[in-house]
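# Secondary and tertiary structure notes
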Amino acid sequence: MIGERRIVLEPREVPLGGVRGMNVLRALPHRNLPTIGAWCFLDRFGPADTRMRVEPHPHIGLQTVTWPLVGEIRHRDSLGSDADLRRGQLNLMTAGNGISHSEYSIGDDPIPLDALQFWVVLPESARHGAAGFERHTELPGLSLPAEQGADASATVVLGEFAGTRSPATVHTPIVGAEIVVPAGTRVRLPLRPEWEHAVMLVEGDAQVAEHPLSLNDTLYLGDSRDTVTVESAEGALLFVLGGEPFEDEIVMWWNFAGRSHDEIAEAREEWEAASARFGEVEGHDVRIPAPPLPPVRLMPRSRKL
């Protein structure tokens, strides 16, 4: 067991570079914490008025979870999927052994856009499997009785929270849930003590486990908790993520999640060679080239928390 913790993962601004030309706030992976459950990546892009053009790029060994807050995003992938996504809906893409996709904002002009982008690392039993794509326009919700103020509410995006399960496909015990806390409310969120958890402040103000959070902070809580207390003076939007601690060591580089340097290098070589492994995304004549590998062997990210 990891034990109870209260460690703030402050996000850092990261330029995506290439033809994307966007900056994002990245909370995970953290230098001391490669995963929270099977969650291995957390970006927030926005809020901003922008024209998003993420050209086709590859993935292996993970699932991408796109959770929009403002604006609409068009997803296209090498399976032939073509889906628009808006607030309250979930796009879940499973890379398996290989997939490529693009993400565009709707229309040709800049629009208000804000979203959370997560990756979930796949276990050995699923990471070499077939790719897949799911779009969920209706997700289950539940009420969370308040100790003070009005009741809070939750939308279960991925996995299971408080006995309510998302219809989205998962391959490890996991939770991803959006929590809305009204102004003047104190509420106790139910957790599974055998899982590790973290809470991100997306909007508003909040104290989590009596720790005040700044906007976009993610508070890592460790495991061994069956509840966590959340308070908000003005109201808050939070995202809870966690799950069973992921035991495998992973090698993450660019858009790939693998287990060794050689596996990553092979995937990069196949993308650059336009291998059938990653297919093609229709409607594009540009795709994102892979950056050069570093001059040293890629090593697994180790947990220091």
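Rules and cut-offs
- Residues numbered from 1 in each chain as written.
- Predicted model: local features only at pLDDT ≥ 70, side-chain atom pairs only at ≥ 80, totals over all residues.
- Heavy atoms only, no water.
- Helix = DSSP H or I, 4+ residues; strand = E, 2+ residues; numbered from the N terminus.
- Buried < 20%, exposed > 50% of the residue type's maximum accessible area, 1.4 Å probe, protein only.
- Core = buried A, V, L, I, M, F, W, Y, C linked by side-chain atoms within 4.5 Å.
- Phe/Tyr/Trp six-rings, centres within 6.5 Å; stacked < 30°, edge-to-face > 60°.
- Lys NZ or Arg CZ within 6 Å of the ring centre and 35° of its normal.
- Expected span 1.5 Å × (residues − 1).
- Arc of directions from axis to C-beta.
- Contact = heavy atoms within 4.5 Å.

## What to know about unusual backbone geometry
Here the residue pair Leu28 and Pro29 is connected by a cis peptide bond, since its omega of 5 degrees sits within 30 degrees of zero. If you trace the backbone, Pro29 turns up in the loop between strand 3 (23–28) and strand 4 (39–50). In this structure, Pro47 follows Gly46 across a cis peptide bond, with omega equal to 0 degrees. By secondary structure assignment, the location of Pro47 is in strand 4. In this structure, Asn216 takes a positive phi of about 75 degrees despite not being glycine. Looking at the element boundaries, Asn216 is found in the loop between strand 21 (211–213) and strand 22 (218–222). Relative accessible area serves as the criterion here: at 11%, Asn216 is assigned to the buried category.

## Brief notes about the nonpolar core
Judged by nonpolar contacts, the single largest core of 38 residues is most densely connected at Trp39, Trp67 and Phe239. Among the secondary structure elements, those contributing two or more residues to this core are strand 3, strand 4, strand 6 (62–70), strand 9 (90–94), strand 11 (111–121), strand 15 (152–161), strand 19 (196–204) and strand 24 (236–243). Here this core takes five residues from strand 11, the largest share from any one element. By size, the runner-up hydrophobic cluster in this structure holds 27 residues, among which are Leu142, Ala154, Leu201 and Leu221.

## Brief notes about the packing of aromatic side chains
In this structure the tally under the stated criterion is eight aromatic pairs. Between Trp39 and Phe118, the aromatic rings sit 5.0 Å apart at their centres with planes inclined by 65 degrees, giving edge-to-face as the arrangement. Separated by 79 residues along the polypeptide, Trp39 in strand 4 and Phe118 in strand 11 bring together distant segments of the chain. For the pair Trp39 and Phe118, one class covers both residues: buried. Measuring from centroid to centroid gives 6.1 Å for Trp253 and Trp254, while their planes differ by 55 degrees, and the two rings are tilted. Taking relative accessible area as the criterion, Trp253 reaches 12% and is therefore assigned buried. Among the aromatic residues, ring-to-ring pairing joins Trp253, Trp254, Phe256, Trp271 and Phe278 into one connected group. Residue placement shows Arg76 over the ring face of Tyr104; its charged tip is 5.3 Å from the ring centre. Arg287 extends its terminal NZ or CZ atom over the ring of Trp271, reaching a point 3.7 Å from the ring centre.

## What about helix 2 (residues 261–272)?
Here helix 2 spans 17 Å end to end across 12 residues, near enough to the 16 Å set by a 1.5 Å rise per residue. Taken residue by residue, helix 2 has His261, Glu263, Ile264, Ala267, Arg268 and Trp271 as its buried positions. One face of helix 2 carries all of its buried residues, which in axial projection span an arc of 165 degrees. For helix 2, the secondary structure elements touched by its buried residues are strand 5 (53–59), strand 10 (99–105), helix 1 (124–127), strand 25 (251–253) and strand 26 (256–258). Looking one or two residues past helix 2, Ala274 carries a phi angle of roughly 55 degrees, positive in sign.

## Re the environment of Ala83
Of note, Ala83 is situated in strand 8 (residues 82–85). Sequence separation between Ala83 and Thr94 is 11 residues; the distance between their C-alpha atoms is 15 Å. What Ala83 contacts, discounting residues up to four positions off in sequence, is Ile73, Arg74, His75, Asn91, Phe133 and Arg135.

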